[in-house]
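# Coordinate analysis (summary)
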Amino acid sequence: SGDTITIDNNSTIVGDGGNGGAGSATTGGGPTGGAAGHAVNVQFNTTVDNTGGTISGGGGGGGGGNGAINAVSVKGGTRNDTCAGSGGGGGRGGGTGGAAGSIVAQGGNNNTGNAGSAGTLTDAGAGGAGGGGVTNPGNAGGTGGNVGAAGGSGGGGAGAAGKAINLNGNTVTFTATGTRNGATS
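Given the structure is predicted, the values throughout are model-derived calculations rather than measurements.

### Quick word on the overall build of the protein chain
The helix and strand tally for the protein chain stands at 0 helices and 11 strands. Reading the protein chain from its N end, one meets helices and strands in the order β-β-β-β-β-β-β-β-β-β-β. For a compact globule of 185 residues, the expected C-alpha radius of gyration is about 16 Å, and the protein chain comes in at 21 Å, more than 25% above that figure. Dimensions along the principal axes, computed over C-alpha positions, put the protein chain at roughly 80 × 30 × 20 Å. Of all 185 residues assigned to the protein chain, the portion counted as buried reaches 39%. Look at the contacts in the protein chain between residues 6 or more apart in sequence, and 70% of them connect residues 24 or more apart. Accessible surface for the protein chain amounts to roughly 8,200 Å². Of this, 47% is attributable to carbon and sulfur atoms.

Take a look at the structure:
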């Protein structure tokens, strides 16, 4: 009780990036991208000197892409070709890319989606490109979010952004703000 922690940051603190949502095998919404991590979780009242530093919440994962069905005219009738959605990109901060959607054989031509790219400390991952289907391909996955930002929607919802500082009911006083990406709340 009454304690105050002091943080002197002259470098970079980044929360974990959210994982990309997997591509969907169905036409419904793809899975939501994963939420990003917070850069700093304070458990006590804290003073921060961020003069030469950067504090950034991780980027949210991109949502997985929806699948699609293509009705194709063939001799003697119609065939349904199924195209899976593609995985969302991982959020900046190291989120993994979402897996490609895959189709269990349903007759016709079945096309898998493409995997999303992983996020790194310097870049958000790209969502996998939509795949298969000449007239109605599976949807592309959403792009992973940049630091402190939500991921993109790819059919599935965007993963939430990480906070620069998660207060947990405590207070933070900045003696120098430096660079912050993401909320302090």
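Picking up after the structure, the text goes on.
### Observations concerning the nonpolar core
One finds A39, V40, V42, V48, I55, A164, I165, L167 and V172 forming the largest nonpolar core, which totals 9 residues. If we ignore the near neighbours within four places in the chain, the residues touching A39 are I13, V14, G15, I55, S56, G57, K163 and A164.

### Some thoughts on the confidence of the model for the protein chain
When pLDDT is low, close inspection of the predicted coordinates is not appropriate. On average, residues of the protein chain score 88 in pLDDT, and 93% of them are at 70 or above. Confidence, expressed as mean pLDDT per element, reaches its minimum in the protein chain at strand β8 (residues 110-111) with 72 and its maximum at strand β9 (residues 165-166) with 97.

### Digging into the sheet that holds strand β11 (residues 179-181)
Across the sheet, which stays open at both edges, the 3 strands sit in the order β2-β5-β11 with parallel pairing between neighbours. Two strands in the sheet have a free side with no partner beyond their single neighbour: β2 (12-14) and β11. For this sheet, the mean angle separating the axes of adjacent strands, direction not counted, is 5 degrees. Two strands pair when backbone bridges link them, and β2 and strand β5 (residues 54-56) are joined in this way by 3 bridges, in the parallel orientation. Following the sheet pairing, I13 is matched in β5 by I55.

### So, the packing of aromatic side chains
Scanning all chains against the criterion turns up 0 aromatic pairs. Seen from the ring of F174, R180 lies directly overhead, with NZ or CZ sitting 4.0 Å from the centre.

Calculation criteria
- Residues numbered from 1 in each chain as written.
- Predicted model: local features only at pLDDT ≥ 70, side-chain atom pairs only at ≥ 80, totals over all residues.
- Heavy atoms only, no water.
- Helix = DSSP H or I, 4+ residues; strand = E, 2+ residues; numbered from the N terminus.
- Rg over C-alpha atoms; globule rule 2.2 N^0.38 Å.
- Buried < 20%, exposed > 50% of the residue type's maximum accessible area, 1.4 Å probe, protein only.
- Contact = heavy atoms within 4.5 Å.
- Areas by Shrake-Rupley, 256 points an atom, 1.4 Å probe, with all protein chains shown as cover.
- Core = buried A, V, L, I, M, F, W, Y, C linked by side-chain atoms within 4.5 Å.
- pLDDT = per-residue confidence, 0-100.
- Pairing = 2+ DSSP bridges.
- Axes fitted to C-alpha atoms, helices over the stretch in contact; angles between N-to-C directions.
- Phe/Tyr/Trp six-rings, centres within 6.5 Å; stacked < 30°, edge-to-face > 60°.
- Lys NZ or Arg CZ within 6 Å of the ring centre and 35° of its normal.

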